[in-house]
Amino acid sequence: MEKIKNNWESIKNKIEQAAFKSGRKASEVTLLAVSKTVDIETVRRAHSLGINDFGENRVNELLSKRESLPGINWHLIGNLQTNKVKDIVGKTTLIHSLDRWRLAQELDKRGLALEQEVPVLIQLNISGEEQKAGFKPAELGEVLAAAEQFKALSIYGLMTMAPLDPDPESARPVFRELFQLRQKFIDRNYKNVNLKYLSMGMSQDYAVAIEEGANLVRLGSALFH
Ligand SMILES: *Cc1c(COP(=O)(O)O)cnc(C)c1O
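A brief look at the structure comes next.

Definitions and cut-offs
- Throughout, residues of each chain are indexed from 1 in the direction in which the sequence is written.
- Per-residue local features of the predicted model are confined to residues with pLDDT of at least 70, and side-chain atom pairs are confined, for both listing and counting, to 80 or more; whole-chain, interface and lining totals are unaffected and use all residues.
- Water and hydrogen atoms were dropped before computing side-chain values, which therefore reflect all heavy atoms in the structure.
- Residue burial is assigned from relative accessible area. The probe radius is 1.4 Å, only protein chains are included, and a residue is buried under 20% of its type maximum, exposed over 50%, and partly exposed in between.
- Working definition: helices are DSSP H or I runs of at least four residues, strands are E runs of at least two. Numbering for both runs from the N terminus.
- Two strands pair if DSSP finds at least two bridges between them.
- When the strands point away from the viewer, a crossover counts as right-handed if the route from the first strand across the helix to the second turns clockwise.
- Salt bridges are identified by distance alone: a Lys or Arg side-chain nitrogen within 4 Å of an Asp or Glu carboxyl oxygen.
- Here the aromatic set is Phe, Tyr and Trp, taking the six-membered ring for Trp, and pairing holds for ring centres within 6.5 Å; pairs whose planes are under 30 degrees apart are stacked, those over 60 apart are edge-to-face, and all others are tilted.
- Helix span is expected to be 1.5 Å times the residue number reduced by one.
- Contacts between residues were defined by any pair of non-hydrogen atoms, one from each residue, lying within 4.5 Å.
- The near set for a molecule or strand comprises every residue that places at least one heavy atom within 4 Å of it.
- Between N or O atoms, a polar contact is any pair within 3.5 Å; within protein, one atom must be a potential hydrogen donor and the other a potential acceptor, and residues adjacent in sequence are included only when both atoms are from side chains.
- Computed with a 1.4 Å probe, the accessible areas rest on the Shrake-Rupley method; for each residue, only the protein chains presented here act as cover.

What follows deals with the pairing of strand E1 (residues 30-34). With four of five residues buried, E1 lies mostly within the body of the structure. As judged from the four bridges shared by E1 and strand E8 (residues 216-219), these two strands associate in the parallel manner. By the bridge assignment, Thr30 is partnered in E8 with Leu216. Note: E1 against strand E2 (residues 53-56), two bridges, orientation parallel. Residue Ala33 lies in a different strand from E2, and its bridge partner there is Phe54. In this fold, the crossover linking E1 to E2 by way of helix H2 (residues 40-48) has right-handed handedness.

Right under this line is the structure:
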């Protein structure tokens, strides 16, 4: 457990340096602790160190951990199947993985039925890898404009996954492109859209992501292992 404390200290330093390089303060960057590989005791320990946001990539795992610790912010970061929509709406601070139109419609319908806002990020496939989920960058404008029709769904920003590569520099162009996409649309006042968050960067490349403007970084192994 001391390990988590030590990891958290060095992560905080690294966040501070990277934020400084991008002209920001560390307080403008939120750490999302990806707890998918750890148990609830470990989540509690991380929470006791001051971490309030936790991410899971499976609905069932998120729901069961949330039962034990309902008072913290739970984020869904992984693929969401349409048949799980009914279970997850109302249970998350943010869903990072809105990657198809049909899913947006289902989330909206469910949110409306429960009279609950459904806060989401749009996942973009910047790298264009075939196996990756996400909208194509060229589709973003259309998706944001169409968000006007939603009754419960709200778009709070963009998310991407960089290609897996041991060299964090190889992710930089992907992060830069997501930042530029946000800049392109940030001042259009689409209804139900507020492009506040850029969720990008994982254990391997979060410093580079922050340098390129990330304000939500998703860290698993760097914190817990
Ligand atoms: C697992 C996961 C992470 C965290 O990965 P690490 O390399 O352990 O930091 C971040 N984002 C998503 C979508 C993940 O599935």
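Now, onward.
Direction of pairing for E2 relative to strand E3 (residues 73-76): parallel, over a ladder of four bridges. Looking across to E3, one finds that Phe54 is bridged to Trp74. With respect to chirality, the unit in which E2 leads through helix H3 (residues 59-68) into the neighbouring parallel E3 is right-handed. In the sheet, E3 pairs with strand E4 (residues 94-98) via two bridges, with the strands oriented parallel. Each bridged residue has a counterpart across the sheet, and for Leu76 the counterpart in E4 is Ile95.

Unusually for a residue other than glycine, Glu115 sits at a positive phi of about 50°. Of note, Glu115 is situated in the loop between helix H5 (101-114) and strand E5 (118-124). Look at Glu115 and you get exposed, because its relative accessible area is 75%. Unlike most non-glycine residues, Asn192 shows phi in positive territory, near 70°. Checked against the element boundaries, Asn192 lands in the loop between helix H7 (172-185) and strand E7 (193-199).

The next subject is the pattern of salt bridges. When their charged atoms lie close together, side chains carrying opposite charge are able to pair. Tallied over the entire structure, the rule returns 14 salt bridges. Where salt bridges share partners, they join Lys21, Glu169, Arg172, Arg176, Glu211 and Glu212 into one cluster.

Next up on the list: the packing of aromatic side chains. Under the defined criterion, the tally for this structure stands at two aromatic pairs. Seen from their ring centres, Phe54 and Trp74 are 5.8 Å apart, and the 45° between their planes marks the pair as tilted. Residue Phe54 is located in strand E2, and its partner Trp74 is located in strand E3; the two are separated by 20 residues in the primary sequence. Residue classification places Trp74 among the buried residues on the basis of a relative accessible area of 1%. Each ring, one from Trp101 and one from Phe150, has its centre 5.2 Å from the other, and the planes form 45°; the classification is tilted. Highlighted residues: Trp101 in helix H5 and Phe150 in the loop between helix H6 (140-146) and strand E6 (153-160), separated in sequence by 49 residues.

This part is about H7. Taking 1.5 Å of rise per residue, 14 residues should cover 20 Å, and H7 covers 21 Å from first to last C-alpha, within 8% of that figure. Arg172, Val174, Phe175, Leu178, Leu181, Arg182 and Phe185 are the residues of H7 that are buried. On its buried side, H7 packs onto E5, H6, E6, E7 and helix H8 (206-211).

Turning to helix H1 (residues 2-21), a few remarks are in order. Here H1 is 20 residues long and its end C-alpha atoms lie 29 Å apart, about the 28 Å a rise of 1.5 Å per residue gives. Where H1 is buried, its residues touch E1, H2, H8, E8 and helix H9 (221-224). Taken from the residues just after H1, Gly23 is the one with a positive phi, measuring 75°.

Attention now goes to the site of the ligand. Lining the immediate environment of the ligand, one finds Val34, Lys36, Asn57, Ile77, Met161, Met202, Ser203, Arg218, Leu219, Gly220 and Ser221. Within the side chain of Ser203, an N or O atom sits 2.4 Å from an oxygen atom of the ligand. Contacts to the ligand include Gly220, whose backbone N or O atom sits 2.8 Å from an oxygen atom. Considered on its own, the ligand offers 390 Å² of accessible surface; in the complex 84% of this is hidden by protein.

Positionally, Lys65 belongs in helix H3. The exposure class assigned to Lys65 is buried, which follows from its relative accessible area of 4%. Residues Lys65 and Ser221, spaced 156 residues apart in sequence, show a C-alpha to C-alpha distance of 18 Å. Look past the residues within four positions of Lys65 in its chain and what remains in contact with it is Ser35, Lys36, Val38, Asp39, Ile40, Val43, Glu56 and Trp74. Within the structure, the side chain of Lys65 is placed 2.8 Å from the backbone oxygen of Val38, a separation counted as a polar contact.

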